[in-house]
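# Descriptive structure summary
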Amino acid sequence: MKNLRLVSAVLISFVLGIAVARGVLNKGVGKNSEADTRHKEEAAELSLSEESQELINLKTAITRLSVFKKMVSVFGQIAQDVQTSVHVVSPVTGTIIDVKAQIGSSVKKDEILCVVSKINGETSPYEVKAPIAGTVIGAFAKANDRVDTVSSIYTIADLTKLWATLEVYEKDIAEIRLGQKVSARAVAYPDKVFEGEIVFISPRVDETSHTIKIRVIVDNKDMLLKLGMFISGDIISEGEEKYLSVPADAVQTMGEDRIVFLKTEGNKFVVRKIKVKAETEEEVFIDNVSSQEETTRIKEGDEVAVEGAFLLKSELLKGELEEE
């Protein structure tokens, strides 16, 4: 598999080497001034035919104005208690004659948990059914045990949504609001994101850790998270100000610069340096400062390379090496 990927990369690089022509950068004679060097860098461009774009599966996206988002890191633990649980009792006083559910059993609403024979000798047994769908987290009786109409036989919990207690550093609390979304992760599932929502913010600051506890309801529809499990996460804090944004894959790093490839007429891709205001895993927000040249500033509605942008970067770097 590794050899196949290597061969594919070599073939793509070979095709690009033929199909991609690096633009003329107005290379003057003698030592360039700083302004000339900057102009040269901004003028760097690549020309890529439509056939070559299809070959490398190049995709583009339109720049847009988006509400600025800030990610606040938090840490904590899934609670030992659950949001929704029900204690199940027998409808009659009697003896359990058949047990169908055990601790850990997943049950549907109205599914039979056990069967009870009434104590006065009636022949018709009584079925004890699950009042909700969920997981049996408590079973307090077994076959042949006497039961009454007061004592709990089972506890059933809905584990598809769990409580989590998270801690926010004091310096970040101004960014936290009820109803904000939380993206949580567990060590056991590093590539899995569990979505949650803030439902409570403590009015008290912990004197030792200088953190504020918040309570979150976390979606656990796949039943992967366990009670008491440690988690970390990010709270998505949205501001009111809008910034130009592009998909994260569109932004490449060259030395100390962050760049995008702006698509222009004639299937050309021009390098544009950007200043990053903030970024998430999916999106990069551009600080389009007024000090930038109007002619080189990224604007709303511009088209930039996303998938395959790293190949354009590789070709650009190769062209620079060939010039040296």
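Only a predicted model underlies this, so the values are computations on that prediction, with no experimental measurement involved.

A word on the sheet that holds strand β12 (residues 152-158). Read across the sheet, 4 strands follow the order β5-β12-β10-β7 without closing on themselves; strand pairing throughout is antiparallel. Only two strands of the sheet have a single neighbouring strand rather than two, namely β5 (84-89) and β7 (106-107). Pairing of β5 with β12 involves 6 bridges; the strand directions are antiparallel. Its bridge partner lying in β12, Ser85 is registered against Ala157.

For the rest of this paragraph, the subject is the pattern of salt bridges. Close approach of charged atoms lets side chains of opposite charge pair. With the rule as written, the count across this model stands at 12 salt bridges. Close ionic contact of Asp110 with Lys109 constitutes a salt bridge, the shortest N to O distance being 3.8 Å. Judged by its relative accessible area of 54%, Lys109 falls in the exposed class.

Here the focus is the nonpolar core. Within the largest apolar cluster, 23 residues are counted, with the highest numbers of intra-cluster contacts made by Ile214, Leu225, Ile231 and Ile235. Looking at which element gives the most residues to this core, the answer is strand β13 (residues 161-169), with 4 residues. Contact partners of Ile231, with chain neighbours within four places excluded, come to Phe75, Gly76, Gln77, Ile78, Ala164, Leu166, Ala184, Arg185, Ala186 and Leu225. Membership of the second largest hydrophobic core comes to 17 residues, among which are Val92, Cys114, Val116 and Val136.

Moving on: the sheet that holds strand β11 (residues 146-147). If you walk across this open sheet you meet the 4 strands as β9-β8-β6-β11, and the pairing is antiparallel. A single partner strand is all that each edge strand has here, and the edge strands are β9 (126-129) and β11. Here strand β8 (residues 112-118) runs beside β9; their pairing, made up of 4 bridges, is antiparallel. Residue Val115 lies in a different strand from β9, and its bridge partner there is Glu127.

So, how was this worked out
Residues numbered from 1 in each chain as written. Predicted model: local features only at pLDDT ≥ 70, side-chain atom pairs only at ≥ 80, totals over all residues. Heavy atoms only, no water. Pairing = 2+ DSSP bridges. Helix = DSSP H or I, 4+ residues; strand = E, 2+ residues; numbered from the N terminus. Salt bridge = Lys/Arg side-chain N within 4 Å of Asp/Glu carboxyl O. Buried < 20%, exposed > 50% of the residue type's maximum accessible area, 1.4 Å probe, protein only. Core = buried A, V, L, I, M, F, W, Y, C linked by side-chain atoms within 4.5 Å. Contact = heavy atoms within 4.5 Å.

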